[in-house]
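Here is what each chain is made of, one letter per residue.
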Amino acid sequence: MQIGLVGSGNMARAMARGWGEPVLCTAARPERARALAADLGGEAVASNAELARRADVVVLAHKPAQLAAVAAEVAPHARLIASVLGGTALAELRAAYPGARVHRFMPSTPVAVRAGVVAHAAGPDDDPGVLALFARLGTLVTVRDDQIDAAAGLMGCAPAYWALLVEAQVDAGVRAGIPAEQAGAMVVQTMAGSAALLQADGPDTLAMRRAVASPGGSTARGLAALERAGVRAAFSDAMDAVLGR
Ligand SMILES: NC(=O)c1ccc[n+]([C@@H]2O[C@H](COP(=O)([O-])OP(=O)(O)OC[C@H]3O[C@@H](n4cnc5c(N)ncnc54)[C@H](OP(=O)(O)O)[C@@H]3O)[C@@H](O)[C@H]2O)c1
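Being a predicted model, the structure only gives us computed values, none of them experimental. (Residues numbered from 1 in each chain as written. Predicted model: local features only at pLDDT ≥ 70, side-chain atom pairs only at ≥ 80, totals over all residues. Heavy atoms only, no water.)

Below, the discussion takes up the overall build of the protein chain. From N to C terminus, the protein chain includes 12 helices and eight strands. Referenced to the eigenvectors of the C-alpha coordinate spread, the extents of the protein chain come out at roughly 65 × 35 × 30 Å. Taken across its 245 residues, the protein chain has 35% of its residues classed as buried. Relative to all contacts within the protein chain whose residues are 6 or more apart in sequence, the contacts with residues 24 or more apart total 47%. Of the roughly 13200 Å² of accessible surface on the protein chain, a fraction of 58% belongs to carbon and sulfur atoms. Averaging the locations of the 22 positively and 22 negatively charged side chains of the protein chain gives two centres separated by 3 Å. (Helix = DSSP H or I, 4+ residues; strand = E, 2+ residues; numbered from the N terminus. Buried < 20%, exposed > 50% of the residue type's maximum accessible area, 1.4 Å probe, protein only. Contact = heavy atoms within 4.5 Å. Areas by Shrake-Rupley, 256 points an atom, 1.4 Å probe, with all protein chains shown as cover. Lys, Arg positive; Asp, Glu negative; His and termini not counted. Charge placed at Lys NZ, Arg CZ, Asp CG, Glu CD.)

In structure tokens:
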């Protein structure tokens, strides 16, 4: 299935790296598309219309505000559309591409190493080949279209959240006397290992906390400090901020 990427920015690059096969791509500035094709394999094409004529599936990886302008070029030629545009409902996409089978996904940047989450909005046009293509990028989770924005708050934004948390923990380690490189190795592997344990044993987070925090011990004191600092409220506020509440 020939992939055509409209847009050659951060998310287009992450997906192209994850797919690991030659893509067709465009960008507002042609040099950006040429750079993606040179770095990751494939070909920068001259126009969105040419891309739509040559690709089996057109992946919309531009900004949401460009939906109408891009559709004017792509819609006459495209059969399969896969959008990763933030905040753009399936109904809007179907209105912009009335003659195509339209899919809506919300990926996260770890798709670059095939360890992303891809939220998928269940829709009437769902094509098994397109779903399989995105499932190659990590874990595909199908939700309702009206749940995609909340899903984005959980998984689309979260690589930035985890990066911030890693930074904060590394800084705390440095303050306690551990060199940054060693602190970074410990924090990142602990994050990966904790995720692997939750995946292996099931998502019982209370059991995981109890297994580390002995009564009256140092972990219990650390957890209490995090609760006092408002870690739960911070994540709840972050979701509200993402949803524009
Ligand atoms: N970044 C994430 O983690 C993430 C996660 C989930 C979903 N998304 C969604 O993915 C989309 C892209 O986000 P991004 O972070 O990758 O943004 P980005 O880095 O700004 O990339 C946007 C790309 O679109 C290109 N573009 C603009 N107008 C175009 C046109 N008319 N035809 C073809 N290409 C055009 C830009 O060209 P130039 O390079 O020349 O400017 C750029 O390559 C957004 O809709 C966003 O909501 C992003």
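Text resumes after the structure shown.
Next up on the list: the site of the ligand. What surrounds the ligand is a group of 24 residues, the closest being S8, M11, R29, H62 and G86. R32 places a side-chain nitrogen or oxygen 3.0 Å from an oxygen atom of the ligand. The protein chains hide 80% of the 900 Å² of surface that the ligand would expose on its own. Taken together, the elements giving at least two residues each to the shell around the ligand come down to α1 (10-19) and β6 (101-107). When the residues that make up the shell around the ligand are grouped by side-chain class, the tally is 11 nonpolar, 10 polar and three charged. (Near = heavy atom within 4 Å. Polar contact = N/O pair within 3.5 Å; in protein donor to acceptor, adjacent residues only side chain to side chain. Nonpolar A, V, L, I, M, F, W, Y, C, P; charged D, E, K, R; others polar.)

All right, on to the side chain of N48 then. Turning to its location among the elements, N48 is positioned in helix α3 (residues 48-54). At a separation of 2.7 Å, a polar atom in the side chain of N48 contacts the side chain of E73. Sequence-distant contacts of N48, defined by excluding residues within four places in its chain, comprise V6, T26, V70, E73 and V74.

So, about the nonpolar core. Among the nonpolar cores identified, the biggest contains 28 residues, and V58, L60, V74, I81 and Y97 are the most heavily contacted of them. Every element with two or more residues in this core is listed here: α3, β4 (57-60), α4 (67-74), α5 (90-96), β6, β7 (116-121) and α7 (148-156). Setting aside anything within four residues of it in sequence, one finds V58 in contact with G4, V6, L51, A52, V74, A78, L80, I81 and A82. Formed by 27 residues, the second largest nonpolar core is a distinct cluster that contains A33, V118, V130 and L137. (Core = buried A, V, L, I, M, F, W, Y, C linked by side-chain atoms within 4.5 Å.)

Moving on to the domain arrangement of the protein chain. By domain assignment, the protein chain separates into domain 1 (3-144) and domain 2 (158-242). Here the C-alpha centroids of domain 1 and domain 2 sit 34 Å apart. (Domains from an automatic or database assignment.)

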